[in-house]
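Listed below are the residues making up each chain.
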Amino acid sequence: MFRRKRSAEDFAEEIKAHLELEADALESEGLSEGEARWKARREFGNIRAAQERFYMKGRGCGLTSCGATFVWIPILRQSPGFAATAILTLALGLARIRRYSA
């Protein structure tokens, strides 16, 4: 609750330290420095994707963005025809997006 939020720079340093430790461990197993660094990066995976996941983790649903969603609930209850049309349109649109993105 009162923890300091980690910055992107802190996370980048943590990734760098992890890769260095893994490369050192691989070097101690007999790999050359270049091979050890390459294998450590390969085993870690996509660094950019890890940084993006870290960035998006902090982007939760705030009170202003999620609060706007709940404003529509009374309107949808008052007019069931509009609600059915809106839900059906959203479902068809999402199904189409999902079909083409896969």
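Quantities reported herein were computed from a predicted structural model and do not represent experimental measurements. (Residues numbered from 1 in each chain as written. Predicted model: local features only at pLDDT ≥ 70, side-chain atom pairs only at ≥ 80, totals over all residues. Heavy atoms only, no water.)

Asker: How should the packing of aromatic side chains be read in this particular structure?
Answerer: Counting across every chain of the model gives 1 aromatic pair. Plain terms: the ring middles of Phe-11 and Phe-54 are 4.4 Å apart, the flat faces sit at 5° to each other, and that makes the pair stacked. One end of the pair, Phe-11, is in helix 1 (residues 8-28); the other, Phe-54, is in helix 3 (residues 47-57), and 43 residues separate them in sequence. With a relative accessible area of 15%, Phe-11 lands in the buried category. (Phe/Tyr/Trp six-rings, centres within 6.5 Å; stacked < 30°, edge-to-face > 60°. Helix = DSSP H or I, 4+ residues; strand = E, 2+ residues; numbered from the N terminus. Buried < 20%, exposed > 50% of the residue type's maximum accessible area, 1.4 Å probe, protein only.)

Asker: Please clarify how the packing of helix 1 against helix 2 (residues 33-44) should be interpreted in this entry.
Answerer: Any two packed helices are characterised by the angle at which their axes cross and by the distance between the axes. Following both chains from N to C, one finds helix 1 and helix 2 inclined at 130°, their axes separated by 8 Å at the closest point. Classified by the angle between their axes, helix 1 and helix 2 sit oblique to one another. Taken as a pair, helix 1 and helix 2 cross one another with a handedness that is right-handed. Contacts between helix 1 and helix 2 pair Ile-15, His-18, Leu-19, Glu-22, Ala-23, Leu-26 and Glu-27 from the former with Glu-33, Ala-36, Arg-37, Lys-39, Ala-40, Arg-41, Glu-43 and Phe-44 from the latter. For the contact of helix 1 with helix 2, the residue count by class is 7 nonpolar, 1 polar and 7 charged. (Axes fitted to C-alpha atoms, helices over the stretch in contact; angles between N-to-C directions. Parallel < 35°, antiparallel > 145°, perpendicular 65-115°, else oblique. Left-handed = near helix turned anticlockwise from the far one by under 90°. Contact = heavy atoms within 4.5 Å. Nonpolar A, V, L, I, M, F, W, Y, C, P; charged D, E, K, R; others polar.)

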